[in-house]
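What follows is each chain in one-letter form.
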Amino acid sequence: LTTKIEELTAASARLNTEIKNHEKEVAQNQEALDKATAIREKQLAEFNAEEKDLLESISALKSAVTVLSKHHGGSLLQVPRSHMLSVAATLQYQMRKHSSLLQGA
């Protein structure tokens, strides 16, 4: 009986040590998670601000094109075809590259 008590006491001490180690590990993991969450929230805020700025720029450019088209109706026809194709290709590339930003617009 004494041997059994000693065995169980040793097991209890070992388990208590393991519990304390696990509690420390959980606390460290929680701290790391909190730091990562704070970083992600900061990155999200920065992204949202940049996205808003880009969407406002796109809107302003759309308005500018509309106004310029009204004032300079046929003048775009005077631009060489190769230049127009280059502009169109650049616009198409940029629209594809930033399509995820334009989804919400």
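Keep in mind the model is a prediction, meaning the values are calculated, not measured. (Residues numbered from 1 in each chain as written. Predicted model: local features only at pLDDT ≥ 70, side-chain atom pairs only at ≥ 80, totals over all residues. Heavy atoms only, no water.)

Participant: An account of the overall build of the chain is requested, with residue identities and associated values reported.
Facilitator: The secondary structure content of the chain amounts to three helices and zero strands. Going from the N terminus to the C terminus, the chain shows its helices and strands as α-α-α. (Helix = DSSP H or I, 4+ residues; strand = E, 2+ residues; numbered from the N terminus.)

Participant: Explain the pattern of salt bridges residue by residue, including any values.
Facilitator: Two side chains bearing opposite charge may form a pair once their charged atoms approach each other closely. Counted by the stated rule, this structure contains two salt bridges. Taking the shortest distance from any N to any O, the salt bridge between R14 and E18 comes out at 3.0 Å. Taken as a pair, R14 and E18 lie in helix α1 (residues 2–71) at a separation of four residues, close to a single helical turn. Between E31 and K35 there is a salt bridge, with its nearest N and O atoms 3.5 Å apart. Taken together, the residues E31 and K35, both in helix α1 and four residues apart, mark about one turn of the helix. By relative accessible area, E31 is classed as partly exposed at 45%. (Salt bridge = Lys/Arg side-chain N within 4 Å of Asp/Glu carboxyl O. Buried < 20%, exposed > 50% of the residue type's maximum accessible area, 1.4 Å probe, protein only.)

Participant: Help me get a handle on a negative patch on the surface, residues and values and all.
Facilitator: Side chains of E46, E50, D53 and E56 sit close together on the surface and give a patch of like negative charge. Locating E56 in the fold gives a position in helix α1. On the basis of relative accessible area, E56 is assigned to the partly exposed category, the value being 46%. (Patch = residues over 30% accessible without salt bridge, like charges linked within 9 Å, V, L, I, M, F, W, Y side chains within 5 Å. Areas by Shrake-Rupley, 256 points an atom, 1.4 Å probe, with all protein chains shown as cover. Lys, Arg positive; Asp, Glu negative; His and termini not counted. Charge placed at Lys NZ, Arg CZ, Asp CG, Glu CD.)

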